[in-house]
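# Commentary on secondary and tertiary structure
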Amino acid sequence: MFSCWISRQYWGFSTPTGRIAHLIRGSLSRTLVLSSQRRTPEFSSFVARTNTCGELRSSHLGQEVTLCGWIQYRRQNIFLVLRDFHGLVQVVIPQEESAASVKKILCEAPVESVVQVSGTVISRPPGQENPKMPTGEIEVKVKTAELLNSCKKLPFEIKDFVKKTEALRLQYRYLDLRSFQMQYNLRLRSQMVMKMREYLCNLHGFVDIETPTLFKRTPGGAKEFVIPSREPGKFYCLPQSPQQFKQLLMVGGLDRYFQVARCYRDEGSRPDRQPEFTQIIDISDMFRNTEVEFLQDALSKPQGAVKAICISEGAKYLKRKDIESIRKFAADHFNQEVLPVFPKASRNWNTPVAQSILEEQRSGLIRLMEIQEDDVVLLTAGEHKKACSVLGKLRLECADLLEARGLVLRDPALFSFLWVVDFPLFLPKEENPGELESAHHPFTAPHPSDLQLLYTEPEKVRSQHYDLVLNGSEIGGGSIRIHDAELQRYILATLLKEDVKLLSHLLQALGFGAPPHGGIALGLDRLICLVTGAPSIRDVIAFPKSFRGHDLMSSAPESLPPEELKPYHIQVSWPADSEA
């Protein structure tokens, strides 16, 4: 049995145009055929335009057309370029005295105003064709024009090459969506989702089922958003994934299920750009007898390690301010000291501590890390996992810096996939290492070979969990689920010390003949981000939240007056130094 879902997104339909030939089967074997024989017109009688801006070609010469769109730019009050979602077309502004009113409208309307023009499709004069525009062989000679809506002064130009802060883009998202790049990203996203649906439903018999948004708290996993109800002291939670519903659908016999589901997690957003270009090498053994104090301190503690990465030609391309920003990044985001070391660089930017390290182990570092001229070593010491995490992030930061200086480190056209398996089923709790928590989620099945270890050494049990990685970024993850009610109860109650009453409905369902089943979740935002080459998942979502989870356009979240909170039996306790 297999369940499939694609995380974080909601699937919705707009009114379709053109031909539709889909077969929809009802639950009572009734068949509804939306026939392709009767053609649906592209535009209804309420639409004034006859064509879109991007579709006109030489084959339309001599035709009378009506176009609607935004004014992209104007040149010498003789031409303007009109834009809609299909493309661009050049419009000729009439210069005759008899057309003074038309000229006035088109010359005085601000850029990004919406206008409607009617006229004749004509050839561009010889030598004035624009091969870079699909409509570059023709132009429209305007006869009539109407200003549909004037645009006031823009906060930024609607051009991809104009640099804008992300905060400004999010504040005026409806303007940012007009850009070519955002139009491309969102339209490609739509096409990809449609292909996914066709592949799963039409070729492999999957069923698309929507699961509820309002649910109850799930133990383990990410932090959830809490939603008050009108019953005193009772709350819903927004699901961090449709995890339990997936399993319940398997119990219900819907053995091939998927949905494009919106998932909610109360955590900050992130760019999610994680390609790799070098490796972390462990150099702890080299410094076992070091006299450098901060290395001694790190290695004397449990799980203490000294880690380093080599940035090829870093001293040649990175500036001193880049090195300082790298150190600041590590301190601000990980509270971790990172030491740049220049073993063979022409520039002597070594600190006294770095110089001491080189005096001890210059030749060993050069040999072990295969250091070349102008390479930079980033060295850190501390708890193993933390040291690896900070260097993993820093190698990505350094890759961005080096590529900004002109180096080619990553091929944007290359897609490299990788499956990661054999994860541990449990990890020690960070706040209490004597207790266990699920490495994935509490419904993941243990590896069949390790079942007996559950009762003796559970920390050694492997899970049937798998992750899919694309270009160094995790794009999906899933697992084979526990389908045995007693095994699930044992893991929840005995090993994880969770309140099984929270999952009584699931445990009950598993006892009614639940088949073996598994699933996978693909992060649609992240996948499309990698396909389009966008630097952030916020560039492939129409209305994303900021890094802090705020909607800068509408200023959400916002405060509510006490009278609106009263039906939910909530009273806000404001901090002493804040105002209501």
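All figures in this text were calculated on a predicted structure; none of them were measured in a lab.

## Details of the overall build of the chain
What the chain contains, in helices and strands, is 14 helices and 22 strands. For the chain, buried positions account for 42% of its 580 residues. In the chain, the proportion of contacts linking residues at least 24 apart, taken out of those at least 6 apart, comes to 66%. Accessible surface computed for the chain: about 33,300 Å², of which carbon and sulfur atoms make up 53%.

## Points about the sheet that holds strand β6 (residues 87-92)
Spatial ordering of the closed barrel is given by β4-β5-β6-β8-β7, a layout of five strands whose pairing is mixed. Across the sheet, the mean angle from the axis of one strand to that of its neighbour is 55°, orientation sign disregarded. Relative to strand β5 (residues 79-84), strand β4 (residues 64-75) runs antiparallel, the two being bridged by five bridges. What sits directly across from R74, in β5, is L80. Seen against the sheet, helix α1 (residues 100-108) touches β4, β5, β7 (114-123) and β8 (138-149) and runs at an angle of roughly 80° to β8.

## Quick look at the side chain of E139
Here E139 lies in strand β8. The side chain of E139 sits in the buried core without any salt bridge; R124 is the nearest counter-charge, 4.4 Å away. Aside from chain neighbours lying at most four places away, what touches E139 is F79, Q90, V92, T120, V121, I122, S123, R124 and P125.

## Quick word on the pairing of strand β21 (residues 473-480)
When you tally the buried positions in β21, you get six out of eight residues, the bulk of the element. Two strands pair when backbone bridges link them, and strand β20 (residues 465-470) and β21 are joined in this way by six bridges, in the antiparallel orientation. The residue of β21 that forms the bridge with L470 is S473. From the end of β20 to the start of β21, which pair antiparallel, there are two residues, and N471 there has a positive phi angle of about 50°.

## Side note on a nonpolar patch on the surface
Taken together, Y174, F543 and M553 make up a surface patch of nonpolar side chains, about 310 Å² in accessible area. Mapping Y174 onto the fold places it in helix α3 (residues 173-176). Exposure remark for Y174: the relative accessible area of 45% places this residue in the partly exposed category.

## Notes on helix α5 (residues 243-251)
Of all nine residues making up α5, seven are buried, and the element is well covered by its neighbours. Every buried residue of α5 is accounted for by Q243, Q244, F245, K246, Q247, L249 and M250. Positive phi shows up at G253, right after α5, with a value of about 90°.

## Digging into the pattern of salt bridges
In total, this model carries 24 salt bridges according to the counting rule given. A salt bridge links K159 to E157; the shortest N-O distance between them is 3.2 Å. A salt bridge links E486 to R489; its shortest N-O distance comes to 4.0 Å. A residue pair is termed a helical-turn pair when its members lie 3 or 4 positions apart in one helix, as E486 and R489 do in helix α11 (residues 485-495) at three residues. A residue is classified by how much of its surface remains accessible, and E486, at 54% relative accessible area, is exposed. It is possible to trace a salt-bridge network through shared partners that takes in R169, R173, D176 and D539.

## Re the confidence of the model for the chain
The pLDDT averaged across the chain works out to 84; a share of 88% of its residues lies at or above 70. Considering only residues more than four positions removed or in separate chains, one finds that residues 269-278, a stretch of pLDDT under 50, has 40 contacts.

## Digging into the sheet that holds strand β16 (residues 376-383)
Spatially, four strands are ordered β13-β14-β16-β15 in an open sheet, and the strand pairing comes out antiparallel. Two strands in the sheet have a free side with no partner beyond their single neighbour: β13 (281-282) and β15 (338-341). Sheet topology note: the β13/strand β14 (residues 304-311) ladder contains two bridges and is antiparallel. Looking across to β14, one finds that I281 is bridged to A308. Lying on the sheet, helix α10 (residues 384-404) is in contact with β14, β15 and β16; it crosses β16 at an angle near 155°.

## Here's the deal with helix α13 (residues 524-532)
Where burial is concerned, most of α13 is hidden: eight out of the nine residues are buried. Positive backbone phi, approximately 75°, marks G533, located one or two places after α13.

## Some details on the layout of surface pockets
In this approach, a probe sized like a water molecule rolls over the atoms, and the result shows the empty space that is left. Of the voids in this model, the second largest pocket is the one considered here, and its volume is about 650 Å³. The wall of the second largest pocket is formed by 21 residues, among which R83, R178, S179, F180 and Q183 lie closest to the centre. Of all the elements in the fold, those that place two or more residues in the lining of the second largest pocket are β4, β5, β6 and α4 (180-204). The greatest single-element share of the lining of the second largest pocket, amounting to six residues, is contributed by α4. Grouping the amino acids of the lining of the second largest pocket by side-chain chemistry returns nine nonpolar, six polar and six charged.

## Digging into empty space enclosed by the protein
Evaluated as defined, the whole model comprises one cavity of 30 Å³ or more. Of the volumes computed, that of the largest cavity is approximately 30 Å³. Along its surface, the largest cavity is lined by L425, F426, S438, H441, P442, T444, I482 and I491. Across the lining of the largest cavity, the residue classes break down as five nonpolar, three polar and no charged.

Definitions and limits used
- Residues numbered from 1 in each chain as written.
- Predicted model: local features only at pLDDT ≥ 70, side-chain atom pairs only at ≥ 80, totals over all residues.
- Heavy atoms only, no water.
- Helix = DSSP H or I, 4+ residues; strand = E, 2+ residues; numbered from the N terminus.
- Buried < 20%, exposed > 50% of the residue type's maximum accessible area, 1.4 Å probe, protein only.
- Contact = heavy atoms within 4.5 Å.
- Areas by Shrake-Rupley, 256 points an atom, 1.4 Å probe, with all protein chains shown as cover.
- Pairing = 2+ DSSP bridges.
- Axes fitted to C-alpha atoms, helices over the stretch in contact; angles between N-to-C directions.
- Lys, Arg positive; Asp, Glu negative; His and termini not counted.
- Salt bridge = Lys/Arg side-chain N within 4 Å of Asp/Glu carboxyl O.
- Patch = residues over 30% accessible without salt bridge, like charges linked within 9 Å, V, L, I, M, F, W, Y side chains within 5 Å.
- pLDDT = per-residue confidence, 0-100.
- 1 Å grid on protein atoms, 1.4 Å probe; cavity = no way out; pocket = protein on both sides within 12 Å on 5 of 7 lines; lining within 4 Å.
- Points joined across faces, edges and corners; volume = space filled by probe spheres on them.
- Nonpolar A, V, L, I, M, F, W, Y, C, P; charged D, E, K, R; others polar.

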